[in-house]
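# Reading the structure
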Amino acid sequence: MCTFNGQRFLRAQLDSIAAQDRLPDELVVCDDGSSDGSIEIIRAFAQSAPFPTRLVVNQKNLGSTRNFEQAISLCRSAIVALADQDDVWYRHKLARIEKAFLQSNATVAAFSDADLIDHDSRMLGLRLWSTFSFDRSKQRQFANGRALNVLVRHPVVTGATMAFRRALLDLVSPIPPDDLHDRWISFLLAAHGPFELIQDPLMGYRRHPGQQAGLPPLTPEARMAHARSRGGGTYLEEIKQFRELQERLESRRPNFHYADGALKEIDGKLSHLEHRARLPRTNLARIPGVLREIFNLHYWRYSGGWISVGKDLLLR
């Protein structure tokens, strides 16, 4: 777990971990220099926790990605489950995750759905996967060995729901500090081996204004407004991220069982993103380029379908 000024929800999360039917072997918490009461809450929890709890307080702020990488590296057990400071785990979460890994030695990672809750832990009537458009069709693709086809389009694995084999840390480390750790880890692990999808929600994923990396906008209108606020730099950010994934796969190709397929998907994604980044400034001049990506179905293979078409035609 990584913490940073999270005292409002932290104790509820810690208590939910302590209430697991299958207790963790250990809890490693890396605090990124909190100035509220987070550190005191963790220290008090550690005194009565029914498992070893290790707290590391960073002398300087590392940022979310580097802090998670540090926390993972300090774990000693075979399976690492990631935890955010503001969620609530259901009692059976760790037992269900353990079962996923015991069923097959080939499984490299597992992740689940989650219920969305508000700042008062009230159910919002939504599931996490639905907010990422991770529908039944994409779930079948993921489960049937086509995880990379899904992940190249958009990230669907949320770090707070994910667990993976500690022995594979060297494949994903170091993590570029400007990338989100869950996207980086999930894509590279999918290039190494199969994931276990757990369709049941195993936790309450809290949606609140103060969270650092929240959910995508939930309506088409909100998504368009979000796209308008980000501008064309979105493509350049993604290009940079996929270039970094490409470099890692190429530099350690023998260690990734599905490196060839992953690199092929990345090549297609980069071509699509670079084409979108080069679209002309005026609306009418963009139409031929957009039509080309419509006819070759790249908007559906590598982006968000008609929403991405609308963005390229209407927003610049």
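As shown above, the structure is provided for reference.
Residues numbered from 1 in each chain as written. Predicted model: local features only at pLDDT ≥ 70, side-chain atom pairs only at ≥ 80, totals over all residues. Heavy atoms only, no water.

### Remarks on the packing of helix 13 (residues 283–295) against helix 15 (residues 306–314)
For the pair helix 13 and helix 15, interaxial distance at closest approach is 8 Å and the crossing angle is 155°. Taken as axis vectors, helix 13 and helix 15 run roughly antiparallel relative to one another. Crossing hand, helix 13 versus helix 15: right-handed. Within the contact between the two elements, helix 13 uses Asn283, Arg286, Ile287, Val290 and Ile294 and helix 15 uses Trp306, Val309, Asp312, Leu313 and Leu314. Along the lines of polarity and charge, the residues of the contact of helix 13 with helix 15 split into 7 nonpolar, 1 polar and 2 charged. (Axes fitted to C-alpha atoms, helices over the stretch in contact; angles between N-to-C directions. Helix = DSSP H or I, 4+ residues; strand = E, 2+ residues; numbered from the N terminus. Parallel < 35°, antiparallel > 145°, perpendicular 65-115°, else oblique. Left-handed = near helix turned anticlockwise from the far one by under 90°. Contact = heavy atoms within 4.5 Å. Nonpolar A, V, L, I, M, F, W, Y, C, P; charged D, E, K, R; others polar.)

### Regarding the sheet that holds strand 2 (residues 27–31)
An order of 1-2-3 is seen for the 3 strands of this open sheet, with the pairing classed as parallel. Strand pairing shows two members of the sheet lacking a second neighbour, strand 1 (2–3) and strand 3 (53–57), which therefore form its edges. Bridge analysis of strand 2 against strand 3 gives 5 bridges, and the strand direction is parallel. If you follow Cys30 over to strand 3, its bridge partner there is Val56. Where helix 2 (residues 38–48) meets the sheet, it contacts strand 1, strand 2 and strand 3, and its direction lies at approximately 160° from that of strand 3. Strands strand 1, strand 2 and strand 3 of the sheet are contacted by helix 3 (residues 64–74), whose axis makes an angle of about 150° with strand 2. (Pairing = 2+ DSSP bridges.)

### With respect to the layout of surface pockets
Regions of empty space are outlined by a rolling probe, equal in size to a water molecule, passed over the atoms. What the second largest pocket holds in volume is close to 540 Å³. Taken together, 26 residues make up the lining of the second largest pocket; nearest its centre are Pro24, Ile79, Val80, Ala81 and Leu94. For the lining of the second largest pocket, the secondary-structure elements that each account for two or more residues are strand 2, helix 3, strand 4 (79–81) and helix 4 (93–103). Here the element with the most residues in the lining of the second largest pocket is helix 4; it accounts for 5 residues. A breakdown of the residues in the lining of the second largest pocket according to their chemical character gives 20 nonpolar, 1 polar and 5 charged. (1 Å grid on protein atoms, 1.4 Å probe; cavity = no way out; pocket = protein on both sides within 12 Å on 5 of 7 lines; lining within 4 Å. Points joined across faces, edges and corners; volume = space filled by probe spheres on them.)

### A short note on the nonpolar core
Residues Phe142 and Phe187 are the most contacted members of the largest nonpolar core, which totals 52 residues. Apart from residues lying up to four places away in sequence, Phe142 is in contact with Phe111, Phe134, Ala147, Val150, Leu151, Val156, Val157, Phe195 and Leu197. Of all hydrophobic cores here, the second largest spans 21 residues; its members include Met1, Leu27, Ala49 and Ala83. (Core = buried A, V, L, I, M, F, W, Y, C linked by side-chain atoms within 4.5 Å. Buried < 20%, exposed > 50% of the residue type's maximum accessible area, 1.4 Å probe, protein only.)

### Section: unusual backbone geometry
Here Ser173 and Pro174 are connected by a cis peptide whose omega angle stands at 0°. Mapped onto the elements of the fold, Pro174 is located in the loop between helix 8 (169–172) and helix 9 (181–190). The phi torsion at Asn5 lies on the positive side, around 50°, for a residue other than glycine. Its location among the elements puts Asn5 in the loop between strand 1 and helix 1 (7–18). Of the residues examined, Asn5 reaches a relative accessible area of 33% and is grouped as partly exposed. A positive phi angle, close to 55°, is found at Ser133, a residue other than glycine. With respect to the helices and strands, Ser133 occurs in the loop between helix 5 (128–131) and helix 6 (136–143). Given a relative accessible area of 29%, Ser133 falls into the partly exposed group.

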